[in-house]
Amino acid sequence: MTLNRKTLCHSSSLLFWACLAIVWLGTLGQRALITPDEGRYATLSLGMLHSGDWITPRLNNLLYFEKPAMQYWAGAIAFKLFGINEFAARFWPGLTGLLTVALVGLTGRKLWSPVAGRNAALVAAGCAWIVGNSHFLTLDAGVTFFLTAALSGFLLAQRDGADTRERLFWNLFMWAAMAGATLSKGLIGILIPGATLALYSLLARDVRPWTRMNWLPGLALFLVLSVPWFVLVSQQNPGFARFFFIHEHFQRFLTTEHRRTGPVWYFVPLLLAGFLPWTTLLPATLRAGWQREPGRFQPRRLLLAWSLFVFVFFSVSGSKLPSYILPMFPALALLLGRELETMTAPRLARHLIAPALLWLAVLAALPFHARFASAETPPAALHALAVGLGIAAILFLLCAWFAWRALRRDERGLALAAWALGGFLAVTAGALGHNTFGQLKSSKAVAVAAAPLLTPATPVFSVAMYDQTLPFYLRRPVTLVAYSDEFAFGQAAEPDKSLPDIASFTRRWRELPAAAAMMGPGTFTTLSQDGLPMRVVYRDARRLFVIKPTPPANGAN
């Protein structure tokens, strides 16, 4: 009887994770890519695939050195395997997000127990920030996977009881993961692990880990994996090193040049919202990180040091984006997974109340969504978002009800699975509901309208604006007109690929037998008043797509 029950539980667990993985990956392609980040990284990968140059990244056919190439390689390979579509564009963040959940579970299991590992994986799988960023095309899900792998490798190599062979394996795993993180987003692949270890040594008064990291083979592996691309891209592009290391690291951190500013408490609400549906457990999670465990090595203090450093480092940075603190969430999931092992069912039930009330409040507010409609936010987009959030609320509340009943029977594992499933489904449904709203920041509809009117030889211009998704959906670069921003480096290196001002554009437009352009309403009005021949093929509140009208045939009226 006991054996059959264990077999049934194991089979149910496998089925749960298999279904979650299918939904996790299956929903990646259900939304249009939006500007700026999703369009930027999809276009970079597509450009790499089309050019065949796997060393020098190009955005919209212009040199682009803001980040290393790992994400672009992965995206180009996904396009090759799955075709050029939204699923392939988001496949790398989706896959690495799922692998992060698996790594968290494996690490918790090996560090503490199978129950702690299961709990940690469930926390990660239901965590809003992990789920959301895994379904959105940026660099952060990929770098978080590699940083989590480095963290896991270090924890498993340093744990008390690890023999020499295990320590070597997990240390090499850690060094390889740090190389992957460096190739994903630069020097934070070294900085975050190194600073965390220094902080841990102070908090735990333990310097022994520094002597047990297999430095010689580890550094050799790190250099072999990470250095070749940096050398090759520097050889082919002499300005790369200064731009990448000085402009994109030190100036980004120390200055507000990138115009991504925020107060020092910028990430506090993002942490609270991102840790849903486990937010009220955050104080207990942080307290658990300070508790001393039996043995010399203190994994929970290291996880606390990791979380604190990531949060403080990005909080004091001059450049802030919501996804920057994503690497702290797997560490918090590990801490909470261990803490949940000791929590009673009544205590857990109390923490289930807050997220349930939050989703009830969302449900109550949805009938008033039309009040927020405007010229740039049409009612139809708000209605679709409201429907998605309504479905999200209902799904979470159903899962919360099931978890509540399970807790009353003291079935904590089943309750946590339902709780995590509710968090995952709520974020997924909300994201799907955002698609209509998101298409206001996407060129997918533009491309549908414009593509039949363009030939491969038709030049396309982007005038005094740039939608990052336009080159991806048109499957071609566009010529920038009177626009620089992040393209300044590439335009300086290859000035013939852009037009510096509107006057240059109007001359070129009049000379060309056929042409197309995207522009804002103000630019269109000005050019129309100047008599520039244009036919509108797409218009919305913030942009127009025009083509040059075909001149009438000889003898036509």
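Residues numbered from 1 in each chain as written. Predicted model: local features only at pLDDT ≥ 70, side-chain atom pairs only at ≥ 80, totals over all residues. Heavy atoms only, no water.

Draft legend 1. Structural view of the side chain of E66. With respect to the secondary-structure elements, E66 resides in the loop between β2 (62-63) and α3 (70-82). On the accessibility criterion, E66 (8% relative accessible area) is buried. Looking at E66, its side chain comes within polar contact range of the side chain of Y64, at 3.1 Å. (Helix = DSSP H or I, 4+ residues; strand = E, 2+ residues; numbered from the N terminus. Buried < 20%, exposed > 50% of the residue type's maximum accessible area, 1.4 Å probe, protein only. Polar contact = N/O pair within 3.5 Å; in protein donor to acceptor, adjacent residues only side chain to side chain.)

Draft legend 2. Seen up close, the pairing of strand β8 (residues 544-547). Burial along β8 is two-sided: the face carrying L544 and V546 and the face carrying F545 and I547 are both buried. Where strand β6 (residues 516-519) lies against β8, 4 bridges are found, and the strand directions are antiparallel. Looking at β8, one finds that M519 is bridged to L544. Examined bridge by bridge, strand β7 (residues 535-539) and β8 share 4 bridges and lie antiparallel to one another. When the bridges of β8 are listed, R535 appears paired with I547. Here β7 folds back onto β8, and the loop between the two strands holds 4 residues. (Pairing = 2+ DSSP bridges.)

Draft legend 3. Structural detail: helix α9 (residues 188-204). The end-to-end C-alpha distance of α9 is 23 Å, a good match for the 24 Å that 17 residues give at a rise of 1.5 Å each. If you check which residues of α9 are buried, you get I188, G189, I192, P193, A195, T196, L197, Y200, S201 and A204. Lining the buried residues of α9 we find α7 (140-158), α8 (164-185) and α14 (299-316). Following α9 by one or two positions, R205 has its phi on the positive side, about 50°. (Expected span 1.5 Å × (residues − 1). Contact = heavy atoms within 4.5 Å.)

Draft legend 4. Up close: the sheet that holds strand β3 (residues 460-463). Spatially, 6 strands are ordered β5-β4-β3-β6-β8-β7 in an open sheet, and the strand pairing comes out mixed. Of all the strands in the sheet, the pair left with one neighbour each is β5 (498-499) and β7. Its contacts with the sheet put helix α23 (residues 502-511) on β3, β4 (479-481), β5, β6 and β8, and the angle it makes with β3 is roughly 155°. Its contacts with the sheet place helix α24 (residues 521-529) against β3, β6, β7 and β8, and it is angled at close to 125° to β6. (Axes fitted to C-alpha atoms, helices over the stretch in contact; angles between N-to-C directions.)

Draft legend 5. Quick peek at the state of the cysteines. The full count for this structure, using the stated rule, is 0 disulfides. Among the cysteines around C19, which has no disulfide bond, C399 carries the closest sulfur, lying 13 Å off. Of the residues examined, C19 reaches a relative accessible area of 41% and is grouped as partly exposed. Of all cysteine sulfurs in the structure, the one in C399 sits closest to C127, which takes part in no disulfide; the separation is 16 Å. (Disulfide = S-S within 2.5 Å.)

Draft legend 6. Representation of the nonpolar core. Grouped together as the largest cluster of nonpolar side chains are 150 residues, with contacts concentrated most on F275, W278, I325, F329 and F545. Looking at which element gives the most residues to this core, the answer is α7, with 11 residues. Residues within four places of F275 in sequence aside, it is in contact with V123, C127, L282, T285, F329, L332 and L336. Core analysis: the second largest hydrophobic core is formed by 16 residues, V481, L532, M534 and L544 among them. (Core = buried A, V, L, I, M, F, W, Y, C linked by side-chain atoms within 4.5 Å.)

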